[in-house]
Amino acid sequence: MTEVRSVLPVQAILGEGPVWVERDQALWFVDIKSHKVHRFHPASGEHKSYDAPCQVGWVLPADDGSFLAGLQQGLARFDPLDGRFDVIATPEAARPGNRLNDATVDPAGRVWFGSMDDGEDATSGRLYCFDRCQVRDSGLPPVCITNGPAVSPDGRTLYHTDTLGRVIHRIPIHDDGSLGAPSVFAEIDEADGWPDGSVCDSEGCVWIGLWGGWRARRYAPTGEILSEVRLPAANITKIAFGGPDLCTIYATSARKGLDAAALDGQPLAGNIFAFEVEVPGLPGNLVRLS
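So, how was this worked out
- Residues numbered from 1 in each chain as written.
- Predicted model: local features only at pLDDT ≥ 70, side-chain atom pairs only at ≥ 80, totals over all residues.
- Heavy atoms only, no water.
- Core = buried A, V, L, I, M, F, W, Y, C linked by side-chain atoms within 4.5 Å.
- Buried < 20%, exposed > 50% of the residue type's maximum accessible area, 1.4 Å probe, protein only.
- Contact = heavy atoms within 4.5 Å.
- Salt bridge = Lys/Arg side-chain N within 4 Å of Asp/Glu carboxyl O.
- Helix = DSSP H or I, 4+ residues; strand = E, 2+ residues; numbered from the N terminus.
- Phe/Tyr/Trp six-rings, centres within 6.5 Å; stacked < 30°, edge-to-face > 60°.
- Lys NZ or Arg CZ within 6 Å of the ring centre and 35° of its normal.
- Lys, Arg positive; Asp, Glu negative; His and termini not counted.
- Pairing = 2+ DSSP bridges.
- Axes fitted to C-alpha atoms, helices over the stretch in contact; angles between N-to-C directions.
- Polar contact = N/O pair within 3.5 Å; in protein donor to acceptor, adjacent residues only side chain to side chain.

Right, let's talk about the nonpolar core for a bit. One finds W28, V37, W58, F78, V111, F113 and V287 to be the most contacted residues of the largest nonpolar core, which totals 36 residues. Among residues more than four places away in sequence, those in contact with W58 are V30, L68, A69, G70, L75, L100, N101, D102, A103, V111 and F113. W207, A233, L258 and F273 belong to the second-largest nonpolar core, a separate cluster that totals 15 residues.

So, in structure tokens, the structure goes:
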């Protein structure tokens, strides 16, 4: 049995977007519904939070020392030194009911990010690519809740999640950043919850958080389930590899949608959890902003 520990009792309403930032050896993540960006430094136990101007789906470290943030109204440059969010792109200005939800950076410094219907009903979520400070639509069919996404170690495969459809797609990434035809990578049984955020490890295996599934699961590049780790909260949103050797997994979780009885049964819901693995993650890629 893998030993899982609660390392930060933040009790997030909707904890999401964990990312290990090598330059400060810290875990950054967000609480979407509380409009908060969090920084956790495990070695010292220091925890700091920043107020976002609206719902914030993720922050990713950039090559100029700042962060790129996915706000409800668009992409913004976030500077932790002064706490400012400067909006630089609004790809969903015509869809006020949407918000940005999850993202990843590929080895070329491109950001793959998705949107979703904030009411979790309309099929209005799209996948985008931010490249050289330009945003383009991926051309994939819209879904209600886009999730993941994750990129293989060689940068040639994108994993894109349709959460409500309970399916993860595998999509070739061409040299120019365009996408090939998607194929089904994995489908999630109803009893196992909904696929949420995903990330690849150094062997090219895909780790997926399962909302309502009480677990994180590791898939082989061919789509077979290799292992899974049970966690003390039902809504596991996403994981990140961290620590000096990238062998510590940090998992975000959520209290959203849990009534009083459910919370009594999982008092650690919304916290940050950690456990150790033998296969490390990958060093984080930086967003190309400069």
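Okay, the pattern of salt bridges next. As enumerated under the stated definition, the model contains 21 salt bridges in all. Two residues, K238 and D102, come together in a salt bridge whose shortest N-O distance is 2.9 Å. Here K238 is found in strand 22 (residues 236-242), whereas its partner D102 is found in strand 10 (residues 98-105), with 136 residues between them in sequence. K238 sits in the buried class, given a relative accessible area of 5%. Connected via shared salt-bridge partners are D192, R215, R217 and E228.

The residue R136 is located in strand 13 (residues 134-137) in this model. Looking at R136, the relative accessible area reads 30%, which means it is partly exposed. As a C-alpha pair, R136 and F40 span 96 residues in sequence and 32 Å in three-dimensional space.

This paragraph deals with the packing of aromatic side chains. Summed over the entire model, instances satisfying the criterion amount to twelve aromatic pairs. Geometrically, the ring pair formed by W28 and F67 is tilted, given 4.5 Å between the ring centres and 45° between the ring planes. Note that W28 is positioned in strand 3 (residues 26-31) and F67 in strand 7 (residues 67-71), a separation of 39 residues in sequence. As far as the burial class goes, W28 and F67 line up, both buried. Over the aromatic face of F67 sits the side chain of R23, whose NZ or CZ is 5.1 Å from the ring centroid.

Another aspect to go through is the side chain of R166. Summarising the element assignment, R166 is placed in the loop between strand 15 (157-162) and strand 16 (167-172). Lacking a salt bridge, the buried R166 has E190 as its closest oppositely charged neighbour, with an N-O distance of 4.9 Å. The residues contacting R166, other than those within four sequence positions of it, are A186, E187, I188, D189, E190, G193, W194 and P195.

Let's shift gears to the pairing of strand 21 (residues 225-230). In terms of strand pairing, strand 20 (residues 215-219) meets strand 21 through five bridges, oriented antiparallel. Following the sheet pairing, A216 is matched in strand 21 by V229. Remark: five residues form the turn of the hairpin made by strand 20 and strand 21, two consecutive strands paired antiparallel; G223 in that turn has positive phi of roughly 105°.

Bringing the environment of T104 into the picture now. Structurally, T104 is set in strand 10. As a C-alpha pair, T104 and V287 span 183 residues in sequence and 9.1 Å in three-dimensional space. Among all residues touching T104, those that are not within four sequence positions of it are L60, R110, V111, W112, P149, A150 and V151.

Taken in spatial order, the four strands make up an open sheet running 6-7-8-9, and their pairing is antiparallel. Each edge of the open sheet is held by one strand with a lone partner, namely strand 6 (56-61) and strand 9 (84-89). Strand-to-strand twist across the sheet, computed as the mean angle between neighbouring axes with direction ignored, equals 30°.

Attention now moves to the side chain of T252. With respect to the helices and strands, T252 occurs in strand 23 (residues 248-253). Within the structure, T252 has its side chain in polar contact with the side chain of T237 (distance 2.6 Å).

Pairing is antiparallel in the open sheet, where four strands are placed in the order 2-3-4-5. The outermost strands of the open sheet, each flanked by one partner alone, are strand 2 (15-21) and strand 5 (46-51). Across the sheet, the mean angle from the axis of one strand to that of its neighbour is 20°, orientation sign disregarded. As paired strands, strand 2 and strand 3 are joined by five bridges and run antiparallel to one another.

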